[in-house]
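# Understanding the architecture of this molecule
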Amino acid sequence: MLAPGGLLLVLVVGVPLVVAGQISLLDLDQYTFRQWLDAPFVGLDNYVEAVRDSALPHAIWVSAAYAFLVTLITLPVGLAAALAAHDRFAGRGLVRSVLLIPYVLPAFVVGTVWRIILQPDGVADSAVGRLGLDAGLWLNGPRSFWALVIVQAWTAWPLLYLLALAGLQTVDPEVHEAAAIDGAGWWVKLRRLIFPYLRGPIALGLVITFLHSVNNFTLPFVLFGVPSPRDVEVLPVLTYVESFQNFQFGLSAAMAVFSLAVVAVPIVAYLRAVRLT
Amino acid sequence: MRHTRLLPRPVQTAVLVVLLLTVLGPVSYMVFASVSSDLDVASGAYLPTTVDLGAYRRIWSTVDLGTGLLNSLLVAGVVAAASAFVSVGSAYVLVRFAFRGRVAILRALLAMQSIPGTLMLLPVFVLFASASAAIGVQVIGTRWALGLTYLTFALPFSTWVMVTYLRGLPPELDEAARIDGASSWRILTRIIIPLSWPGLVVSGIFAFLLGWNDVLFASVMTDPDTRTAAVALQVFGATQEGGAIPVYGQLMAAALVCAAPVVVLYLVFQRYLVGGLTAGGVK
């Protein structure tokens, strides 16, 4: 019974992974990709080129920095949301559903909407202008990096909220009772009694948020289009452009292998944070 | 028991108000802009000066959204059904039997979900292109090829969701059947699958959304006839650059139409889906 699923997995995941590794060692371009087995073997040339003469190091920096900032923002937001949505109040069910909307919306919809919100003279600029701040370009130039961070954080935080809310359900009712009797302020109670229960779920949420952000191709692709502004040239977009616009499949495969290395550490952390059996 | 509060009432209210404004600001703007004039959107007005529902009529011819939605429905639907049913067998074995390599497989299932999509797309594209050249049949651009590429993510994903679901079923059920002499196959089809409908639905919905939401694979693996709604919208948006005022109303209307089935699915199955989300933290 493991066989059909197992075989299919080997076929659809294992084979492509091996082929990806092989392509990264070939000089494969638009002339040779239809007969990839005949393409010239170039050893580690693609890897050397990726590190020395391509935008890869910059892309790794942009990806890591943006994913880290997004993860950093989602922590207090998601945690505050979970605490606020846990206590009973009228309309709690509805509010909980609404809070999920940014996470539930497809990334291509989020990208399309925010692209219009952030366009020059768009609604974001008029809102910022009303606060007396300078309107400016959001989809190009140095601010585009912050636009990416803000939009990805806007759509990513509910995962942390969900995990923290699930963690709150596991808090022992006696802890609540003890907290009620104890005279300490609400913040001290939270820190001493409640937060220890949330450590696991929050660690999991942070790792997944980081992974999702690093691997997110759709949002930067739709939000900024290609060729993408240099400040938001993240790893997936760079790899995509290198293969499907410049047709440098070998170089691009080497970049993809590098991006696997970037997510390797968070993946290991992820596997440790999840209950496997 | 007295119900104790985590946050004082004013703090709770403040947090909720800020969050709701942050969420509903852009979401409400999406609705307003879809019925606004394009000039209103271009000048940064939040509320429409005139309400015009015409965009919802025009998108069906300008974006060819009908074809896109149908393609998305077909590909994502088949992938969802296939991976849900294939995964229940694998998940059953992984949950109920102890064997060497079991934990390694569970680890691999999770790790596979975090592999960068580009790392999978490249070899799949090259393999399909080579296959086409070898057998003389166009592979890239067909819905089958697209569905097959989605399995690379949907399958590990669905299997993991089913693993977390089957863990919750009491083992006494199949132990009793086994004592009565039932084969593993019979236990799976007569006991496990009938009891796993909620799990199957959740793993199917997640696999469906994976296909519905994808732009990476579909942008490369489709042609104008087999384009999914996601790619149709992305292409439509990209072609609005330059020239006169873009048709913002239609873009927003089309985006809303693409998002509506997803949001409805979530609202209907919210209880089950949230459980699935927090079990593996999958999207």
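Residues numbered from 1 in each chain as written. Chains lettered and ligands numbered in written order. Predicted model: local features only at pLDDT ≥ 70, side-chain atom pairs only at ≥ 80, totals over all residues.

## Details of the overall build of chain A
Helix and strand content of chain A: twelve helices and zero strands. Seen in sequence order, chain A has helices and strands lined up from the N terminus as α-α-α-α-α-α-α-α-α-α-α-α. Principal-axis analysis of the C-alpha atoms places the extent of chain A at approximately 75 × 60 × 30 Å. By the burial criterion, 48% of the 277 residues in chain A qualify as buried. Here the contacts in chain A between residues at least 6 apart in sequence split such that 71% fall between residues at least 24 apart. (Helix = DSSP H or I, 4+ residues; strand = E, 2+ residues; numbered from the N terminus. Buried ≥ 20, exposed ≤ 12 C-beta atoms within 10 Å, placed from the backbone. Contact = placed C-beta atoms within 7 Å.)

## Notes on the UniProt feature "transmembrane region" (unreviewed entry) in chain B
Residues and elements named next belong to chain B. Look at the UniProt record and you will see "transmembrane region" (unreviewed entry) annotated at residues 73–99, 119–141, 147–166, 187–212 and 247–269. Annotation note: span residues 187–212, helix share 96%, strand share 0%, distance between end C-alpha atoms 33 Å. Helix makes up 91% of residues 247–269 and strand makes up 0%, while its end C-alpha atoms are separated by 34 Å. (UniProt positions renumbered as here; feature names shortened; annotations may be inferred.)

## Some details on the interface of chain A and chain B
Contacts between chain A and chain B engage 89 residues on the former and 87 residues on the latter. Grouping the constituent residues of the side of chain A that touches chain B by class yields 63 nonpolar, 19 polar and seven charged. (Nonpolar A, V, L, I, M, F, W, Y, C, P; charged D, E, K, R; others polar.)

## Observations regarding the environment of Leu 209 of chain B
Assignment of secondary structure puts Leu 209 of chain B in helix α10 (residues 197–213). As for Leu 209 of chain B and Val 262 of chain B, which are separated by 53 residues in sequence, their C-alpha atoms are 7.3 Å apart.

## A few points about unusual backbone geometry
Residue and element names in this part refer to chain A. Here the residue pair Val 226 and Pro 227 is connected by a cis peptide bond, since its omega of -5° sits within 30 degrees of zero. By secondary structure assignment, the location of Pro 227 is in the loop between α10 (218–224) and α11 (235–244). Phi is positive for Asp 121, close to 65°, though the residue is something other than glycine.

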